[in-house]
Amino acid sequence: IHTIEEIGEQKEKEAMLERMSYRDALTGCLNRMAYNEKIDCLMTKQLNDLVYMTFDLNCLKVINDRFGHDAGDELIIGAGNCLLDCLRAHGKIYRNGGDEFIIIVPDKNIVNIKNIANRYIEAINQDMWIEEVNIHYNISACVGISHYPDQALDLDTVINNADTAMYEGKKLGK
């Protein structure tokens, strides 16, 4: 016979395991599994207005090569925290792996979204203290933004447009 307390503890453990399966252990952002489920869900729906943003840090490889992966992890954690602080109220934030983050926002106002993205870029484009190696390091990030239905008529194209815009920004050093 199980007591109410034991059942409650079991439900708490199950809820914690579910949270852990959808959260990135390093940043606390939603993880790739949560992202894939969201994309699968969006693919089966009739889309309304949707903004897809992809963010990528410009210096992670340099940090990892010069100072080690623990320092790189600090950088990723800082970028994730910055995204959560700047964008949490506006959409879901996913860490897609490495230093790539994705935000999916159900919003019609692309100008508002660009302002939010710019706020993040301004917040991240400054010296970050990397405690692991006891230095300040100037970091930066690129963003790619695509809007459905204005810039694409299907989700795959929206995602590809955002990725292309981000990589073009990286090439230009923005």
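Look up: the structure comes first, before these words.
First, a word on what this report is: a plain description of the structure on this page. From a predicted model like this one, the values you see are computed outputs, not experimental measurements.

1. Overview of the layout of surface pockets
Piece 1. What the largest pocket holds in volume is close to 170 Å³.
Piece 2. Around the largest pocket sit Lys 38, Leu 42, Lys 45, Gln 46, Leu 47, Asn 48, Asp 49, Leu 50, Lys 92, Ile 104 and Pro 106, which together line it.
Piece 3. Across the lining of the largest pocket, the residue classes break down as 5 nonpolar, 2 polar and 4 charged.

2. Topic: the sheet that holds strand β3 (residues 100-105)
Piece 1. Taken in spatial order, the 4 strands line up as β2-β3-β1-β6 in an open sheet, and their pairing is antiparallel. Edge strands, defined here as strands with exactly one partner in the open sheet, are β2 (92-97) and β6 (141-148). Neighbouring strand axes in the sheet, compared pairwise and without regard to direction, differ in orientation by 20° on average.
Piece 2. Lying on the sheet, helix α2 (residues 32-43) is in contact with β1 (50-57), β2 and β3; it crosses β2 at an angle near 115°.
Piece 3. Sitting on the sheet, helix α6 (residues 155-172) touches β1, β3 and β6, and the angle it makes with β6 is about 155°.

3. Regarding the pattern of salt bridges
Piece 1. Under the defined criterion, the tally for this structure stands at 4 salt bridges.
Piece 2. Notably, a salt bridge pairs Lys 170 with Asp 56, separated by 2.7 Å at the nearest N-O pair. Highlighted residues: Lys 170 in helix α6 and Asp 56 in strand β1, separated in sequence by 114 residues.
Piece 3. Using a relative accessible area of 26% as the deciding quantity, one classes Lys 170 as partly exposed.

4. Some details on the nonpolar core
Piece 1. One finds Met 53, Phe 55, Tyr 120 and Ile 124 to be the most contacted residues of the largest nonpolar core, which totals 33 residues.
Piece 2. Mapped by element, the contributors of at least two residues to this core are β1, α3 (60-67), α4 (69-87), β3, α5 (110-124), β4 (127-130) and β6.
Piece 3. Sorting elements by how many residues they give to this core places α4 first, with 9 residues.
Piece 4. Among residues more than four places away in sequence, those in contact with Tyr 120 are Phe 55, Leu 57, Ala 79, Cys 82, Leu 83, Cys 86 and Ala 141.

Each value, and the rule that gives it
Residues numbered from 1 in each chain as written. Predicted model: local features only at pLDDT ≥ 70, side-chain atom pairs only at ≥ 80, totals over all residues. Heavy atoms only, no water. 1 Å grid on protein atoms, 1.4 Å probe; cavity = no way out; pocket = protein on both sides within 12 Å on 5 of 7 lines; lining within 4 Å. Points joined across faces, edges and corners; volume = space filled by probe spheres on them. Nonpolar A, V, L, I, M, F, W, Y, C, P; charged D, E, K, R; others polar. Pairing = 2+ DSSP bridges. Helix = DSSP H or I, 4+ residues; strand = E, 2+ residues; numbered from the N terminus. Axes fitted to C-alpha atoms, helices over the stretch in contact; angles between N-to-C directions. Contact = heavy atoms within 4.5 Å. Salt bridge = Lys/Arg side-chain N within 4 Å of Asp/Glu carboxyl O. Buried < 20%, exposed > 50% of the residue type's maximum accessible area, 1.4 Å probe, protein only. Core = buried A, V, L, I, M, F, W, Y, C linked by side-chain atoms within 4.5 Å.

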